[in-house]
Every structure is written in C-alpha cells, then in structure tokens.
Amino acid sequence: MSRSHTPRSGTPRYGHEEGSGNVQYSGHGSDASYGLLGKDLQMFSEAGFDESINFKRNAPVAQLYEDAIRYEGAVISDSGALINYSGKKTGRSPKDKRIVQEETSKDDIWWGTVNIPMDEHTFEINRERAIDYLNTRDRVYVFDGFAGWDPKYRIKVRVICSLAYHALFMHNMLIRPTIKELEEFGTPDFTIYNAGQFPANRFTAGMTSTTSVEINFKRKEMVILGTEYAGEMKKGVFSVMHYLQPIKFGTLSLHSSANEGPKGDVSLFFGLSGTGKTTLSADPARNLIGDDEHVWSDSGVFNIEGGCYAKCIGLSKEREPDIYNAIKFGSVLENVEYDPITRKPDYDDVSITENTRCAYPLEYINNAKFPALANTQPSNIIYLCCDAYGVLPPVSKLTAEQAQYWFILGYTSKTPGTEDGVVEPSPTFSTCFGQPFIVLPPNYYATMLAKRMNQVKADCWLLNTGWTGGKFGTGKRCPLKYTRAIVDAIHDGSLAKAEFQNFPTFNLAIPKSLPNVPESILNPQKAWSDESARAQMTDKLAAMFSKAFEKYANDVSEDVKASGPRPSEPTKATAQ
C-alpha cells in the first residue's frame, strides 16, 4: 500500500512563519545561536538578499525535520529517516546543464553536449531570478560545509536553498564543519543558489526549458531553477571539483569508490551503475574511504563527500545490509513510496521513479574511515564493467596504455528488456566512468591517471561482473562469489604473481588459473560451448569499441590508440 503524492509546484503554498528578521546560526549538532557577524550580513546583502529574510544557517537536523514535515509535506519513516519528494524531476537534467563561457575558464572546458556553453548575461538573468525567488520565501536555509577531506585541498561550499530537506541533504553530502570551523568559515569558495521550486524563463536567450542548472567558474557560483531533485547539488559540487582539483591544485578528481586494507593498501574502484562499485568496495575486511567521489593527490587519496547517496531500488537488508542499516534518523529518502499506516518504505515500488535514493552521513557505515582519507598511494586500480555480451573475461591485467584506453571509454552494457522489442544487449560508454560530470577533456584526466599510476607502480585491473558462457539470455552472470575471490586475490597480491596468457582480439592478459575460480570462468574461450558464436560476438563488441573511440582518437598517443581491440584479427582460440 503506497502513499500517493502530488509534486510540489513552483508557486508558494506554505503558511507564513513569523521570523526574527535576522540570521540564525546553529552549530553542528547544537541549538546554540551565534551573534550576528557583520561580514556575514554584508556577504548576503552584496549577493542581493533582503536584510529581513529569516536565514537558518547550519540548522540542527531535528529542526530541519520539523520544517520539512510542517511546510513541505515530508514524513518520518518507520526507521526514522525523512521521506520527501522532488516533484516532477526525479533525476538529473543533463540537457539543461550549462557552463558559463567566460575568459578565466573557457580555454580549459571540454565544450560539447556534456558542457553546453551559456553566456554571462543569461547567467546573470537566471541568478537574479533565483535570488528574487529566495527573497520571497519565509524561510531560507544556508548550509556551509566542505568538499574534500584533506584540509590542503578542500574547498568551502555554501548552499542557499528554500527547502529544509535540501538543506538536510547537503548536511549529509558535504563535510560538516565543527562549531569552530563554522565560526571561522568566512567567504565560501563556491556558492549554490538553489531556487529549484521556481522555473527558469524558457524564452531567455540560450534556454531550452524551464529547468536550468548552471555553473560559473569566474563568479564561483551555481544556480538551480526548475528542478527540486537534490542530486543536482551533489553532482554540481562534483563538477566543480572536477575542474578545480586538476586546474588549481594539480590533483586528480575521480568518479570512484575507495577502500583501505589493514596494512594501509588502497584500492580505487571505477564503474558505472550496475557494475558492482558500491558492493565490491564495501568489504568487511577493509575500511571504506568513500563510495563515489575521490581525489588522488601527492599525499594519497581523499573522499570529496561527507556522506553517501545510495540507490534504493530493490533494497533489502539481506542484499545490502550496510545501506539498509544506514537509513535511520538523519537520513533522507528521496522519491521512495511508503505504507501510510506503518510508514515502512517500499523499496520495490517504482511508481514515482526507479531512481529512488537515500542520502546519509558517512559515519552511518560501520567500517567507514575517519577522517575519510588515506595517506598512502593506491596499489590497485580496478575498472568494473557488466558485459552483457558475455565476451570479456572476468579479470584482466591492463597495461598503462590500456588503462588509459579503457578509462577514456568507460564501458559497460545494458541488458535487454528496458524497452519493448529490444532483444540484444546495448553498449554504454561513459568517458572517465562519469561523463555527465567531466569538465575538462577526457584525455586530460586519463593522462594524469596514467602518470600517477606509473609513479607509484599501481596495478590496473579490468573486472567483468557481467555474463559468462554466452550473452544475456544464453549465458549466466558471473557469480558474485567468484568476483569477490578475484578481488581478494588482487588485495592479497596473489593475482599479480599469477601466470598470464593472451586473450585475443581485445589483447588482454588473463590469468591461467586462480584459487577458488574455475578455469572455465576465467577464460571465455572455454566458457562458451559455441566457439563460432563467441568469436562472432567478440568481433561485434570490438567493432563497437573502435567506433566509440573514434571521437577521442585524435587527442591520444599512438600507443594508447593501438591498445584497443582489433576486430579484424582472427578470434581462433589460442589459450594453452
């Protein structure tokens, strides 16, 4: 039994709250108020805010709950999490994302369908529209926090929004400052103006809809109009870090999870949705540094975020106990339906969206590392893909050139059934394993990755968590127990010492044998019963790779270009 809901409109519909006409400063986990600071008032005034606005800065979690329930229609789940809805938009709006084309950054940006240019004048119109809307609100929430756990490289982020649930979301996703850090916060390095309840004017030059998500690196600001989906803020900060970390600090921003072993060895996991990035990095024998966004610096690896943003579709305590147990007081469930009587979430209900989510603090994970950084360099780089064609081996060791090639392509595949009449798997290529958030040209990140890997002599592995013995519908998905055995062999160093053989067409080095993993699983040439069908499918996938890489070919070295698959090569089995 699910609760029906009506998406919030962009017009005011909540009652008036009597405010004091000043800024309320609340410390982390405290109801204590600070005196008004002249420099803070000046910042807000210079930004265009009215002095009479009732700002709530870094409000306690309980207060955000109260406001979200009273004014936004939120409810508390049976486990204590806050449930709210994001209105009509239940996911990111990549076609409405813009980067302002200005002189300080325009020569660095990877312009195109991912980073669509916007002129400065249009940005100013939208910025003023957002602030004008926020000026009409009875309550405006401010959250000041950090992006990046290493103090040397972190940035100060200020979020200004009109919804309590948005403030709670960013309270979870950013790194929460101490009371002292909040008192000394000063001028933020980046500010988000979230007026998502209010639409953009689609007739403004350069606009294509009533939704606009735009970043201005010169003004160090982000403006959100026409979407209440909280994930836009999270990924906006990530896009900012994808620009600032390489350009300002010379560090490498990564769309990856990371964990650390008992001896201090660090592994990075890259992978698109459905490949097992979260599952495999959540290892009870290792500490979780983070599940999604990291930076690789000269000092080591650090998490960008203070929390996790996990998918909830099909969630169960048996399959994902860490995530399930993290959904408690302080967590935000977004677009999850629930039983109106018991308030128990229905994680299988997709009536709102399949993109149901939960945002919770990192400390809600039992084996999370604090602070979320490692002062050692990564030992292993692990690329994850889910190959529904059944072509790729479950594990391969990549050369430095192959590491760049596969990173630039960011391959996985989707299974049939997502659309009527689709009976074949479909490839997905998302450059750097996070194309929607890439700001600089892909080869910029790939070259930095290869340089850092070479400096620390890190091994790079390709893991296929997809199908074996045939494509989707014919073969079967590689059992998780074998994938975990492979990951264990990577971490204990035994896989690096294995004897390898060549897997043709893709020219991959695969182990001849591995404890606890059958040889019939390790080598697709032995897993398929029909060698002719396997060879044909291998050539087919290799041709897809070659086609997908064409748009990057002019920007990489000849060695990287040559490290990709060669569909014209014979696929006769050569395994010994």
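Cut-offs and rules
- Residues numbered from 1 in each chain as written.
- Predicted model: local features only at pLDDT ≥ 70, side-chain atom pairs only at ≥ 80, totals over all residues.
- Heavy atoms only, no water.
- UniProt positions renumbered as here; feature names shortened; annotations may be inferred.
- Core = buried A, V, L, I, M, F, W, Y, C linked by side-chain atoms within 4.5 Å.
- Buried < 20%, exposed > 50% of the residue type's maximum accessible area, 1.4 Å probe, protein only.
- Contact = heavy atoms within 4.5 Å.
- Axes fitted to C-alpha atoms, helices over the stretch in contact; angles between N-to-C directions.
- Helix = DSSP H or I, 4+ residues; strand = E, 2+ residues; numbered from the N terminus.
- Parallel < 35°, antiparallel > 145°, perpendicular 65-115°, else oblique.
- Left-handed = near helix turned anticlockwise from the far one by under 90°.
- Nonpolar A, V, L, I, M, F, W, Y, C, P; charged D, E, K, R; others polar.
- pLDDT = per-residue confidence, 0-100.
- Pairing = 2+ DSSP bridges.
- Salt bridge = Lys/Arg side-chain N within 4 Å of Asp/Glu carboxyl O.
- Expected span 1.5 Å × (residues − 1).
- Polar contact = N/O pair within 3.5 Å; in protein donor to acceptor, adjacent residues only side chain to side chain.

The name an unreviewed UniProt entry gives the chain is Phosphoenolpyruvate carboxykinase (ATP), with Mixia osmundae as the organism. The record held by UniProt for the chain lists under Pathway (unreviewed entry) the comment "Carbohydrate biosynthesis; gluconeogenesis." In the Catalytic activity (unreviewed entry) part of its UniProt record, the chain is described as follows: "oxaloacetate + ATP = phosphoenolpyruvate + ADP + CO2".

Trainee: Explain the nonpolar core here, please?
Mentor: Inside soluble globular proteins, nonpolar side chains tend to come together where they are buried. Counting residues in hydrophobic clusters, the biggest one holds 131 residues, and the most contacted among them are Y383, W406 and F506. Once you skip the residues sitting within four places of it in the chain, Y383 turns out to touch F270, L398, A403, W406, F407, F433, L449, C460, W461, L462 and L463. Among the nonpolar cores identified, the runner-up in size contains 21 residues, and I131, Y133, V140 and V223 belong to it.

Trainee: Looking at this structure, how should I read the packing of helix α2 (residues 61-72) against helix α4 (residues 164-173)?
Mentor: Axes are the key here: two packed helices are described by the angle between their axes and the distance separating the axes. It is the contact of α2 with α4, at a shortest axis distance of 8 Å, that shows an interaxial angle of 150°. Comparing their axes, α4 and α2 come out roughly antiparallel. Of the two elements, α2 crosses α4, and the hand of that crossing is left-handed. Facing α2, whose interface residues are V61, L64, Y65, D67, A68 and E72, α4 presents A164, Y165, A167, L168 and H171. Taken together, the residues of the contact of α2 with α4 break down into eight nonpolar, one polar and two charged.

Trainee: Is there a simple way to explain the confidence of the model for the chain in this structure?
Mentor: Caution applies to low-pLDDT parts of the model: their predicted coordinates are not meant to be read in detail. In this model, the chain carries a mean pLDDT of 90, and residues with pLDDT of at least 70 account for 90%. Scored below 50 in pLDDT, residues 1-36 shows 99 contacts in the model against residues more than four places distant or in partner chains.

Trainee: Quick question: what am I supposed to make of the sheet that holds strand β18 (residues 307-311) here?
Mentor: The strands making up a sheet associate through backbone hydrogen bonding, with each pair oriented either parallel or antiparallel. One open sheet accounts for five strands, arranged β3-β4-β19-β20-β18; its pairing is mixed. Each having just a single partner strand, β3 (75-76) and β18 make up the two edges of the open sheet. One ladder, built from three bridges, connects strand β4 (residues 82-84) with strand β19 (residues 332-334); its direction is parallel. If you follow I83 over to β19, its bridge partner there is L333.

Trainee: Just checking my understanding: could you explain the pattern of salt bridges for this structure?
Mentor: Under the counting rule described, the total for this entry stands at 26 salt bridges. Of the charged contacts, one joins R219 and E221 as a salt bridge, the two residues approaching to 3.0 Å between their closest N and O atoms. Exposure remark for R219: the relative accessible area of 34% places this residue in the partly exposed category. A relative accessible area of 6% places E221 in the buried class.

Trainee: How do you make sense of the sheet that holds strand β12 (residues 252-255) when you look at a structure like this?
Mentor: If you walk across this open sheet you meet the four strands as β12-β16-β17-β21, and the pairing is antiparallel. One side of each edge strand has no neighbouring strand; the edge strands of this open sheet are β12 and β21 (373-374). With four bridges joining them, β12 and strand β16 (residues 293-296) adopt antiparallel strand pairing. Counted as the bridge partner of H255 is E293 from β16. The strands touched by helix α6 (residues 231-249) within the sheet are β12, β16 and β17 (301-303), with β12 carrying the most contacts at an inclination of about 150°. Helix α10 (residues 442-456) rests against β12 and β16 of the sheet, and its axis sits at about 105° to β12.

Trainee: Got a minute to help me understand α6 in this structure?
Mentor: Owing to its 3.6 residues per turn, the α-helix brings residues three or four apart onto one side. A rise of 1.5 Å per residue sets the reference length of α6, with its 19 residues, at 27 Å; its end C-alpha atoms lie 26 Å apart and thus fit the reference within 8%. α6 sits mainly inside the fold: 16 of its 19 residues count as buried. Once α6 ends, the next one or two residues include G250, with phi positive near 75°.

Trainee: So what exactly am I meant to see when it comes to helix α3 (residues 120-135) here?
Mentor: Its 16 residues give α3 an end-to-end C-alpha distance of 22 Å, which sits within 8% of 22 Å, the value for a rise of 1.5 Å per residue. Residues of α3 that are buried include every one of T122, F123, N126, R127, A130, I131, Y133, L134 and N135, and no others. With a side-chain oxygen lying 3.0 Å from the backbone nitrogen of H121, the N-terminal cap of α3 falls on D119.

Trainee: Mind showing me how you'd approach the pairing of strand β10 (residues 212-216) here?
Mentor: Looking down a regular strand, the side chains alternate between one sheet face and the other. For β10, the tally of buried residues reaches five of five residues, placing the bulk of the element in the interior. Residues S212, E214 and N216 point to one face of β10 and V213 and I215 to the other, with burial holding for every one of them. Note: strand β5 (residues 97-100) against β10, three bridges, orientation parallel. Residue pairing in the sheet places I99 in a bridge with I215 of β10. Judged from the five bridges that link them, β10 and strand β11 (residues 221-225) form a sheet pairing that is antiparallel.

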